[in-house]
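These are the residues of each chain, in order.
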Amino acid sequence: MAIFAVNLTFTSDTDKRLATRPTHREYLKTLLDAGKLVESGPFTDDSGALMVYEAPDLAAAEAQLAADPYAQAGGIIERSTINEWNIVMTRHAS
């Protein structure tokens, strides 16, 4: 399994994002429980979020993002990038 850093930039449609957020977080919880999400959270300025996926390949990581309620709702994500990430150092237990 590979690790992927997913960086999201939100649009200015805060109302739509906040209305969709409970479903988005439920979806993330299913990924977490399935071992497909390492960690996630919004930036403190609410401009976007970072999610760290565990997936077999880039296509699977892209599919996880495509299934996210934020992506499916449209108008919430202005830009997203997914990069395979090579963790060299961490404070988290392995």
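Relevant structure appears above.
Keep in mind that what you see is a predicted model, and the values were worked out from it rather than measured.

Size it by volume and the second largest pocket reaches roughly 150 Å³. Around the second largest pocket, the lining comprises 14 residues; the ones closest to its centre are His24, Arg25, Gly41, Pro42 and Ala49. Those elements that provide at least two residues to the lining of the second largest pocket are β1 (2-10), α1 (14-33), β2 (37-42) and β3 (48-55). Residue contributions to the lining of the second largest pocket peak at five residues, all from α1. In terms of residue class, the lining of the second largest pocket is made up of seven nonpolar, three polar and four charged.

If you look at the biggest cluster of nonpolar residues, it comprises 18 residues, and the most contacted ones within it are Phe4, Val6, Met51, Tyr53 and Leu65. Elements with a contribution of two residues or more to this core: β1, α1, β3 and α2 (58-66). Among the elements that take part in this core, β1 stands out by supplying five residues, more than any other. Beyond its immediate chain neighbours, meaning those up to four positions away, Met51 contacts Phe4, Ala5, Val6, Leu8, His24, Leu28, Leu37, Glu39, Ser40, Leu65 and Asp68.

A few words now on the pattern of salt bridges. In the structure shown here, the tally under the stated rule is two salt bridges. Ionic pairing is found between Asp46 and Arg17, a salt bridge with its closest N-O pair at 3.6 Å. Of this pair, Asp46 sits in the loop between β2 and β3 while Arg17 is found in helix α1, placing the two residues 29 residues apart along the sequence. Note on Asp46: relative accessible area 36%, which makes it partly exposed. Classification of Arg17 by relative accessible area gives buried; the value is 4%. One salt bridge connects Lys29 with Asp33, and the closest N-O pair in it is separated by 2.6 Å.

Parameters at a glance
- Residues numbered from 1 in each chain as written.
- Predicted model: local features only at pLDDT ≥ 70, side-chain atom pairs only at ≥ 80, totals over all residues.
- Heavy atoms only, no water.
- 1 Å grid on protein atoms, 1.4 Å probe; cavity = no way out; pocket = protein on both sides within 12 Å on 5 of 7 lines; lining within 4 Å.
- Points joined across faces, edges and corners; volume = space filled by probe spheres on them.
- Helix = DSSP H or I, 4+ residues; strand = E, 2+ residues; numbered from the N terminus.
- Nonpolar A, V, L, I, M, F, W, Y, C, P; charged D, E, K, R; others polar.
- Core = buried A, V, L, I, M, F, W, Y, C linked by side-chain atoms within 4.5 Å.
- Buried < 20%, exposed > 50% of the residue type's maximum accessible area, 1.4 Å probe, protein only.
- Contact = heavy atoms within 4.5 Å.
- Salt bridge = Lys/Arg side-chain N within 4 Å of Asp/Glu carboxyl O.

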